[in-house]
Amino acid sequence: MITETAPPEARTERRHLDEGLVRNLGLVGVLIILVVIGIITRPELYSDPTWVRNNVLVILQQAAAIGVVTVGMTFVIIGGGIDLSVGAIIALSGVWATTLATQSYGAGGMIFTALVVGIAVGVVNGVLISYGKLVPFIATLAMLVSARGLAAQISGKQTQVSANDTINGIATTKLIGVPLLVWILALVVAAGWVLLNRTTFGRRTVAVGGNPEAARLAGINVKRHTLYLYALSGLCCGLGAIMLTSQATSAQAAMANLYELDAIAAAIIGGTLLSGGRGTIVGALFGVLVFSTITNLFAINNLSTEVQNMVKGGIIVAAVLIQQFRYRSLTQLLKR
Amino acid sequence: MSASSFKLDLSRRRVLFGGAAVGAGALLTACTSNDPGTDAQVKTNASGDANAVPGQKVVIGFSAPAADHGWIAAITNNAKAQAAAYSDVELKSVEAGADAAAQRAALATLISQKPTVIVMLPHDGKELNATGLEAMRAGIPVVNLDRAFPSQAAYRLQIKGDNFGMGLAAGDYIGAQLKAKGVSNPIIGEIPGIDSLELTQERSQGFNTALQAYGFKVANRRPAEFTADSGQAAATALLQALPKMDALWNHDDDQGIGVLAAIKQANRSDFFMVGGAGSKSAIDAIVADNSVLKATVTYSPSMASSAISLARLIGQGKGLSDLVELQVPKEITLASETITKENAAQYAKLGF
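Everything quoted here is computed from the prediction, not taken from an experiment. Counting restarts for each chain, with residues numbered from 1 along the sequence as it is written. Lettering for chains starts from A, numbering for ligands starts from 1, and both go in the order in which the items are written. Two thresholds apply to this predicted model, a pLDDT of at least 70 for residue-level local features and 80 or more for giving and counting side-chain atom pairs, whereas whole-chain, interface and lining totals are computed over all residues.

Points about the overall build of chain B
To be explicit about the condition: Secondary structure is summarised from DSSP: a helix means a run of H or I of at least four residues, a strand means a run of E of at least two, and numbering begins at the N terminus for each. Partly exposed residues are those whose C-beta has more than 12 but fewer than 20 other C-beta atoms within 10 Å; with 20 or more the residue is buried, with 12 or fewer it is exposed, and the C-beta atoms are placed from the backbone. Note on contacts: each residue gets a C-beta atom placed from the backbone, and two residues are in contact if those atoms are within 7 Å.
Of the regular secondary structure elements, chain B holds 11 helices and 12 strands. By its C-alpha atoms, chain B is 95 × 60 × 40 Å across when sized along the principal axes. Put simply, chain B has 352 residues, and 48% of those count as buried. Intrachain contacts of chain B at a sequence separation of at least 6 include 71% that bridge at least 24 residues.

Written out as structure tokens, the structure reads:
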């Protein structure tokens with residue numbers, strides 16, 4: 001063990017917190033800038049309060065499914081892994097939950113199926129990575145391909161329409177004027193925050209991602225914990241599949257295309273370190289909201305999606321550059 | 001607390017969880033059943049036509065991509081069903097795999113088996129051009145389905161849909177409807193499929209050309225990806241951008257499931273919508289007349305059935321009985337037809 005003049009526990013804690021706060025404020029700043037651009041470019045839309053209120057809800061609602069998936073992804077990345085199969089798990093869960101046989105069990109059966117399929121695929125990922133010692137990138141890449149393959153096999157490459165009014169109603173239901181999908185996102189984010197910051201599970205996740213060997217020596221069952229993380233990501237995907245199926249009133253093998261990239265990007269610009277050991281749930285949520293707001297901004301201005309993708313790419317690069325710069329200067333500061 | 005009681009507790013828990021997992025597994029396995037109930041589009045000339053009489057045996061080699069889209073699935077189903085309807089046709093279907101290279105390999109095997117005719121829907125016309133030439137040189141006539149080869153020598157017959165015509169038909173319907181309503185400066189939305197594809201661009205060109213004739217133009221255009229969830233996202237964005245809209249063209253009925261869901265979720269009914277391709281669910285919705293969907297323009301996978309019938313005639317050296325020529329023509333482009341509530345009954349059989 002390196003015995004430097006370690007600063008008191010409380011001080012590092014505060015420094016870390018401050019840094020997270022600064023980053024989140026930065027993302028709030030980006031959101032405000034995006035909204036201001038919207039107001040300047042389409043003043044006639046923004047002058048209507050009903051439209052503005054509705055627009056905020058639409059941005060949140062379109063961020064809901066990917067937001068839930070990003071929470072799971074953030075845990076996996078903080079734990080030192082990566083899950084490239086989230087889009088494929090959504091497709092498999094969604095397709096499995098909307099076969100005619102599953103639909104005959106009603107909404108409960110469909111939700112149960114989606115969640116169990118999600119967890120099961122996550123467990124397979126976890127077993128391959130923890131006990132099969134596969135690199136997470138390879139294991140989940142293989143899962144990406146095979147889960148979509150299985151989804152295509154089950155669905156016969158057809159779009160499976162959900163005839164269940166309860167499932168379809170999830171996307172149209174509002175509680176106190178706020179869509180149910182947004183409530184689900186809020187609950188998942190809150191649960192994720194508590195799990196990461198207020199439980200042993202969260203502490204272990206950070207420890208495993210920061211230094212697996214040290215975590216093992218400290219008595220953490222690293223393999224089992226890694227397995228749990230992928231299962232958690234799978235659970236989030238199962239929930240995301242229900243939300244997306246409800247929004248599209250259908251599921252198919254090609255659904256949730258490239259969600260893995262959106263989720264990873266949102267986690268990264270939210271301040272999660274790709275090498276693991278650090279990350280925030282609130283930051284990830286802001287990352288998702290930034291992307292959702294950009295999509296909205298480009299839509300109301302009728303700008304092409306090509307330019308939109310370039311801007312998204314630019315924001316990811318900028319966020320990581322800032323992150324590296326700040327991390328470096330912070331470590332230099334600590335050394336001094 | 002003793003170690004043994006802990007162990008016992010754990011094992012009991014394990015049994016419980018294990019049992020639950022097995023039960024869930026059994027239930028889930030039962031849940032993959034889908035009972036496809038194939039509604040393929042088949043037509044044989046039942047009248048006293050000479051072409052209907054079983055002739056010499058024709059072996060048709062068939063290859064289409066394994067894409068996860070309803071339209072491609074319908075293409076393969078139709079080809080198989082149509083071949084099964086003829087007593088003198090044997091269909092040899094090869095898996096085309098995931099990309100052009102895999103399809104080339106599959107077709108090389110097929111060519112070596114010397115079928116009478118080959119019907120193929122290439123992954124990409126340009127990339128499979130050489131394979132078409134190879135088959136033709138080996139004396140096997142090639143029927144190209146929908147995605148054209150650059151070389152005229154690479155095919156005996158090309159049968160394809162009309163993407164530009166599809167856009168033209170959609171634009172014409174929308175223009176005529178709005179003109180009849182007396183809307184002078186209409187707000188028109190468009191939801192294309194994958195924007196980088198040539199077929200999408202042709203559809204949009206056709207749409208714009210038709211609208212121009214009425215002096216109209218597209219106000220906002222949000223591309224989706226031929227999937228229902230991407231259609232939902234694109235439509236939600238479009239509806240938010242256009243708080244008032246008069247008409248909407250959605251290029252693809254499969255993604256249209258999501259588009260219609262988004263319209264319902266946003267509680268909008270201030271416009272009418274035209275679909276594309278002609279799926280069964282779209283035709284049903286047009287007949288039911290309880291949504292904004294009032295019409296769809298066809299790009300029918302029934303062309304696969306026609307391709308098999310024509311391949312049979314080519315193999316038997318027969319022509320089309322209504323034409324003077326003794327052989328099947330070299331190129332057939334299907335017209336894009338507009339399905340509305342009035343004529344939907346005729347098309348119900350063609351929906352996929």
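A short note on the overall build of chain A
The secondary structure content of chain A amounts to 15 helices and 4 strands. When its C-alpha atoms are laid out on the principal axes, chain A stretches across 65 × 55 × 35 Å. Looking at chain A as a whole, 50% of its 336 residues are labelled buried.

Some remarks on the pairing of strand β3 (residues 117–120) of chain B
Selection rule: Handedness rule for crossovers: strands pointing away from the viewer, path from the first strand over the helix to the second running clockwise, crossover right-handed.
Because side chains alternate across β3(B), one face comprises the buried residues B:V117 and B:V119, and the other comprises B:I118 and B:M120, equally buried. Handedness of the crossover is the feature at issue here: the chain leaves β3(B), passes through helix α4 (residues 129–137) of chain B, returns alongside strand β4 (residues 142–145) of chain B, and the resulting connection is right-handed.

Here we look at the interface of chain B and chain A
Which entries qualify depends on this criterion: The classification used treats Ala, Val, Leu, Ile, Met, Phe, Trp, Tyr, Cys and Pro as nonpolar, Asp, Glu, Lys and Arg as charged, and all other residues, Gly among them, as polar.
Facing 39 residues of chain B, the contacting portion of chain A comprises 38 residues. Broken down by element, the side of chain B that touches chain A gets its largest block of residues, 10 residues, from helix α7 (residues 228–241) of chain B. In terms of residue class, the side of chain B that touches chain A is made up of 16 nonpolar, 14 polar and 9 charged.

Focus: the environment of A:C237
Residue and element names in this part refer to chain A. Examined against the element boundaries, C237 turns out to sit in helix α12 (residues 222–248). The buried category is assigned to C237, around which 38 C-beta atoms lie within 10 Å. Residues C237 and W96, spaced 141 residues apart in sequence, show a C-alpha to C-alpha distance of 13 Å. If near-sequence neighbours (up to four positions away) are discounted, C237 is found in contact with V69, G72, V86, I89, I90, S93 and G118.

Quick look at the UniProt feature "transmembrane region" (unreviewed entry) in chain A
All names here are of chain A. Rule in force here: UniProt positions are given in the numbering used here, feature names are shortened, and annotations may be inferred rather than shown by experiment.
Look at the UniProt record and you will see "transmembrane region" (unreviewed entry) annotated at residues 21–40, 60–93, 105–128, 134–154, 175–196, 227–246 and 281–300. Along residues 60–93, the helical share is 79% and the strand share 0%, with 23 Å between the first and last C-alpha atoms. Secondary structure content for residues 105–128 is 96% helix and 0% strand, while the C-alpha to C-alpha distance between its ends is 32 Å.

Some details on the packing of helix α10 (residues 200–210) of chain A against α12(A)
Residues and elements named next belong to chain A. Inclusion rule: Axes here mean lines fitted to C-alpha atoms, for a helix over just the part in contact, with angles spanning 0 to 180 degrees between N-to-C directions. Any angle from 65 to 115 degrees is called roughly perpendicular, while one under 35 is roughly parallel, one over 145 is roughly antiparallel, and all others are oblique. Note on convention: the crossing is left-handed when the near helix lies turned anticlockwise from the far helix by less than a right angle, right-handed when the turn is clockwise.
In contact at an axis separation of 10 Å, α10 and α12 are set at 110° when each is read in the N-to-C sense. Relative to α12, the element α10 is oriented roughly perpendicular. At the point where α10 passes α12, the crossing takes the left-handed sense. Of the residues in α12, those in contact with R204, T205 and V208 of α10 are V222, H225, T226 and L229. Of the residues that constitute the contact of α10 with α12, the class distribution is 3 nonpolar, 3 polar and 1 charged.

Description of the sheet that holds strand β11 (residues 331–333) of chain B
Residues and elements named next belong to chain B. To keep it simple, the criterion reads: Here, strands pair whenever DSSP counts at least two bridges between them.
Strand order in the open sheet made by the 6 strands is β2-β1-β3-β4-β5-β11, with parallel pairing throughout. On the outer flanks of this sheet lie β2 (89–95) and β11, each paired with one strand and no other. Averaged over all neighbouring strand pairs, the angle between strand axes comes to 15°, with direction disregarded.

Section: the domain arrangement of chain B
Residue and element names in this part refer to chain B. To be explicit about the condition: The domain limits used here are those given by an automatic or database domain assignment.
When its domains are assigned, chain B resolves into domain 1 (54–161 + 301–318) and domain 2 (163–298). Spacing between the C-alpha centres of domain 1 and domain 2 amounts to 32 Å. At the junction of the two partners, domain 1 supplies 4 residues and domain 2 supplies 5 residues. Partitioned by chemical class, the residues of the side of domain 1 that touches domain 2 number 1 nonpolar, 3 polar and no charged.

Notes on the nonpolar core
Under the convention used in this document: Buried Ala, Val, Leu, Ile, Met, Phe, Trp, Tyr and Cys residues form a nonpolar core when they are connected through C-beta atoms within 7 Å.
Core analysis: the largest hydrophobic core is formed by 185 residues, its most contacted members being A:A91, B:V119 and B:V143. Three or more residues apiece are contributed to this core by two domains, here domain 1 (54–161 + 301–318) and domain 2 (163–298) of chain B. Aside from chain neighbours lying at most four places away, what touches B:V119 is B:I60, B:F62, B:A79, B:V143, B:L145, B:A307, B:I308 and B:A311.

Points about unusual backbone geometry
At A:N302, a position not held by glycine, the phi torsion is positive, near 50°. Considering the arrangement of structural elements, one finds A:N302 in the loop between α14 (281–300) and α15 (305–335). Phi is positive for B:D289, close to 55°, though the residue is something other than glycine. Among the secondary structure elements, B:D289 is positioned in the loop between α9 (280–288) and β10 (293–298).

Regarding the confidence of the model for chain B
Residues and elements named next belong to chain B. Quick note on the threshold: A residue's pLDDT is simply how confident the predictor is in it, with values from 0 to 100.
Here chain B averages 88 in pLDDT, and 91% of its residues register 70 or above. Between residues 1–7, whose pLDDT stays under 50, and residues either more than four places distant or in other chains, the model counts 1 contact. Scoring the predicted complex yields pTM 0.86 and, for the interface, ipTM 0.89.

A look at the pairing of strand β6 (residues 188–191) of chain B
All names here are of chain B. Taking every second residue as pointing to the same face, both faces of β6 are buried, with I188 and E190 on one and G189 and I191 on the other. In this sheet, strand β7 (residues 218–221) lies alongside β6 in parallel orientation, the contact comprising 3 bridges. Bridge assignment links G189 to a residue of β7, and that residue is N220. Bridge count for β6 against strand β8 (residues 247–250) is 4 bridges, and the pairing is parallel. The residue bridging I188 from the neighbouring strand is A247, located in β8.

Side note on the environment of B:L293
Residue and element names in this part refer to chain B. Along the chain, the position of L293 falls in strand β10. Note: C-alpha distance between L293 and T340 (47 residues apart in sequence) is 9.4 Å. Once you skip the residues sitting within four places of it in the chain, L293 turns out to touch L260, M273, G275, A282, A285 and I286.

Details of the packing of helix α4 (residues 86–97) of chain A against helix α7 (residues 136–155) of chain A
All names here are of chain A. Following both chains from N to C, one finds α4 and α7 inclined at 20°, their axes separated by 8 Å at the closest point. Classified by the interaxial angle, the pair formed by α4 and α7 is roughly parallel. Every pair of crossing elements has a handedness; the one defined by α4 and α7 is left-handed. Here α4 contributes A88, I89, A91, L92, V95 and W96 to the contact with α7, which in turn contributes M143, L144, A147, R148, L150, A151, I154 and S155. Residue composition of the contact of α4 with α7, by class: 12 nonpolar, 1 polar and 1 charged.

A word on the sheet that holds β10(B)
Residue and element names in this part refer to chain B. Taken in spatial order, the 6 strands make up an open sheet running β7-β6-β8-β9-β10-β12, and their pairing is mixed. Looking at strand neighbours, the two that pair on one side only are β7 and β12 (338–340), the edges of this open sheet. In this sheet, adjacent strand axes meet at a mean angle of 20° when their direction is disregarded. Contacts from helix α5 (residues 163–181) reach β6, β8, β9 (272–277), β10 and β12, with the element oriented near 165° to β9. Running over the sheet, helix α8 (residues 253–265) touches β6, β8, β9 and β10 and is turned about 155° from β9.

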